[in-house]
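# Chains, contacts and geometry: an overview
Residues per chain are reported as follows:
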Amino acid sequence: MKVFEQFYECRVTGQESAIWQLKCHLRIIYQQFGQQIAIVSVQNCEVGWFIPAQLEQLATHIVQMFELDSDRLTWIECDPHYTSRPINTEYSEVSFDWHQGIATNPKWKAISNTSVESLNHEAFTWNRNYLNSDFVTA
């Protein structure tokens, strides 16, 4: 298993054609048989920016930038401030419809912290060195 971890930053179009600078903590876990897991976290970022249009753009950017296979990708979002989730979870699995490499129609499903942590404890434990990492800009 290979784990890639860094801050990620990209520009996306927001409401009324405004440009948003999205920043997140990104972890990509490459598992056996080509399975890939992308975990994006709003840690140390503005609360509430995981809205459909922006998340679609973020997913599209990350899949293109890291040459991920959308058919083998599990997308997990970590947002402890999201109020409609069950009390003991801060994670959602997000599924997208993919059309010519563009993510559309996100659907959220709350998943337990234990499910995410069971992916692999070493792969899940956030590397404390990421705070000193540089951003990658798309």
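Residues numbered from 1 in each chain as written. Predicted model: local features only at pLDDT ≥ 70, side-chain atom pairs only at ≥ 80, totals over all residues. Heavy atoms only, no water.

## Topic: the pattern of salt bridges
Once the charged atoms of two side chains with opposite charge are near each other, the side chains can pair. Applying the stated criterion across every chain, the model contains three salt bridges. The shortest N-O distance in the salt bridge between Arg72 and Asp69 comes to 3.7 Å. On the accessibility criterion, Arg72 (36% relative accessible area) is partly exposed. Note that Asp97 and Lys107 form a salt bridge whose closest N and O atoms lie 3.7 Å from each other. Here the residue Asp97 occupies a position in strand E5 (residues 91-99), and Lys107 occupies one in strand E6 (residues 102-111), the gap between them amounting to 10 residues. Asp97 sits in the partly exposed class, given a relative accessible area of 30%. (Salt bridge = Lys/Arg side-chain N within 4 Å of Asp/Glu carboxyl O. Buried < 20%, exposed > 50% of the residue type's maximum accessible area, 1.4 Å probe, protein only. Helix = DSSP H or I, 4+ residues; strand = E, 2+ residues; numbered from the N terminus.)

## Let's talk about the pairing of E5
Two elements, strand E4 (residues 73-78) and E5, share four bridges in a ladder whose sense is antiparallel. Looking across to E5, one finds that Trp75 is bridged to Val94. Pairing of E5 with E6 involves eight bridges; the strand directions are antiparallel. Bridging across to E6, Trp98 finds its partner in Ala103. A loop of two residues connects E5 with E6, the two strands running antiparallel in sequence, and Gln100 in this loop sits at a positive phi of about 50°. (Pairing = 2+ DSSP bridges.)

## A few points about the environment of Phe4
One can find Phe4 in strand E1 (residues 2-13). Each C-alpha atom of the pair Phe4 and Leu26 lies 8.1 Å from the other, and the pair is 22 residues apart in sequence. With near-sequence residues (within four places) excluded, Phe4 lies in contact with Leu26, Arg27, Ile28, Tyr30 and Phe66. (Contact = heavy atoms within 4.5 Å.)

## Some remarks on the nonpolar core
Across soluble globular proteins, nonpolar side chains have a tendency to be buried as a group. In terms of nonpolar packing, the biggest core is built from 21 residues, with Tyr8, Leu58, Ile62 and Trp75 touching the most fellow members. Looking at this core, the elements that each hand over two or more residues are E1, strand E2 (19-30), strand E3 (36-41), helix H1 (52-65), E4 and E5. Here this core takes five residues from H1, the largest share from any one element. Within the second largest apolar cluster, eight residues are counted, among which are Ile76, Cys78, Tyr91 and Ile111. (Core = buried A, V, L, I, M, F, W, Y, C linked by side-chain atoms within 4.5 Å.)

## Describing the confidence of the model for the chain
Of the residues in the chain, 68% reach a pLDDT of 70 or more, and the chain-wide mean stands at 76. Looking across the chain, the model is least confident in strand E7 (residues 136-137), with a mean pLDDT of 44, and most confident in E5, with 92. Low pLDDT (under 50) marks residues 128-138, which in the prediction has 24 contacts with non-local residues, meaning those over four places away or in another chain. (pLDDT = per-residue confidence, 0-100.)

## Considering H1
A rise of 1.5 Å per residue sets the reference length of H1, with its 14 residues, at 20 Å; its end C-alpha atoms lie 20 Å apart and thus fit the reference within 8%. When we look at burial in H1, the residues that qualify are Gln54, Leu55, Glu56, Leu58, Ala59, Thr60, Ile62 and Val63. Two residues or fewer past H1, Glu67 is found with a positive phi of approximately 50°. (Expected span 1.5 Å × (residues − 1).)

## A few points about the packing of aromatic side chains
Enumeration over the complete set of coordinates arrives at three aromatic pairs. On the basis of an interplanar angle of 55° and a centroid distance of 5.9 Å, the ring pair of Tyr8 and Phe66 is categorised as tilted. Here Phe66 lies in the loop between H1 and E4 and Tyr8 lies in strand E1, a separation of 58 residues in the sequence. Here the two residues Tyr8 and Phe66 agree in accessibility, since each one is buried. Ring plane angle 85° and centroid distance 5.8 Å describe the contact between Trp75 and Phe96, whose orientation is recorded as edge-to-face. One end of the pair, Trp75, is in strand E4; the other, Phe96, is in strand E5, with 21 residues separating them in the sequence. (Phe/Tyr/Trp six-rings, centres within 6.5 Å; stacked < 30°, edge-to-face > 60°.)

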